[in-house]
Amino acid sequence: MSKIVQEELDIGRVRLGLRRTPGRGAPVVMLHGLMDSAISWDAFARSISRPTIAFDLPGFGQSTLAGDDLDEWQGIFASALGELGIDRYFLLGHSLGGALASSMASARPDETRGLLLICLLYTSPSPRDRTRSRMPSSA
């Protein structure tokens, strides 16, 4: 059973909580759903041989709040992966984390080795601003 290590990472004005496990190969980056945290991925992280990184989304778990825009969050997590020295990864997202994973994969297809979405939370652009992906106001 892999040991899970809790860490924090400062990306600009945002502090991200994350949980990591060791392994071989490209890591699986896991993004949790609404009203959850990175800890929800622990059982899955322990069950696979690849390294894993489960992030707390901004405003959840150990992470500080950072806006409500998926494009902004996508940039924060891209910076976080860069800080961790990770340039190729698999993305696994549930609900709100699935919307973020989809946004990340679309913005960085060369870095994304695979994408798995579980019960994807669909977020349509606001009728006032169809150029930006915004999360629902309940987030």
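Since the model is a prediction, treat every value here as computed from it, not as a measurement.

Caption draft 1: The packing of helix α2 (residues 70–83) against helix α3 (residues 96–107), seen in detail. At a minimum axis separation of 9 Å, α2 and α3 run at an interaxial angle of 70°. Taken as axis vectors, α2 and α3 run roughly perpendicular relative to one another. Along its contact with α2, which presents Leu-70, Asp-71, Trp-73, Gln-74, Phe-77 and Leu-81, the element α3 presents Leu-96, Ala-99, Leu-100, Ser-103, Met-104 and Ala-107. Across the contact of α2 with α3, the residue classes break down as nine nonpolar, two polar and one charged.

Caption draft 2: Quick look at a nonpolar patch on the surface. On the surface, Leu-115, Leu-117 and Leu-120 cluster together to form a nonpolar patch covering roughly 230 Å² of accessible area. Leu-120 sits in the partly exposed class, given a relative accessible area of 42%.

Caption draft 3: Structural detail: the nonpolar core. Core analysis: the largest hydrophobic core is formed by 28 residues, its most contacted members being Leu-16, Leu-31, Phe-55, Leu-57, Phe-77, Leu-81 and Leu-100. Mapped onto this core, the elements with two or more residues apiece are β1 (5–11), β2 (14–21), β3 (28–31), β4 (52–55), α2, β5 (89–94) and α3. Excluding anything up to four places from it in sequence, Leu-31 contacts Trp-41, Phe-55, Leu-57, Phe-77, Leu-92, Gly-93, His-94, Gly-97, Leu-100, Ala-101 and Met-104.

Calculation rules
- Residues numbered from 1 in each chain as written.
- Predicted model: local features only at pLDDT ≥ 70, side-chain atom pairs only at ≥ 80, totals over all residues.
- Heavy atoms only, no water.
- Axes fitted to C-alpha atoms, helices over the stretch in contact; angles between N-to-C directions.
- Helix = DSSP H or I, 4+ residues; strand = E, 2+ residues; numbered from the N terminus.
- Parallel < 35°, antiparallel > 145°, perpendicular 65-115°, else oblique.
- Contact = heavy atoms within 4.5 Å.
- Nonpolar A, V, L, I, M, F, W, Y, C, P; charged D, E, K, R; others polar.
- Patch = residues over 30% accessible without salt bridge, like charges linked within 9 Å, V, L, I, M, F, W, Y side chains within 5 Å.
- Areas by Shrake-Rupley, 256 points an atom, 1.4 Å probe, with all protein chains shown as cover.
- Salt bridge = Lys/Arg side-chain N within 4 Å of Asp/Glu carboxyl O.
- Buried < 20%, exposed > 50% of the residue type's maximum accessible area, 1.4 Å probe, protein only.
- Core = buried A, V, L, I, M, F, W, Y, C linked by side-chain atoms within 4.5 Å.

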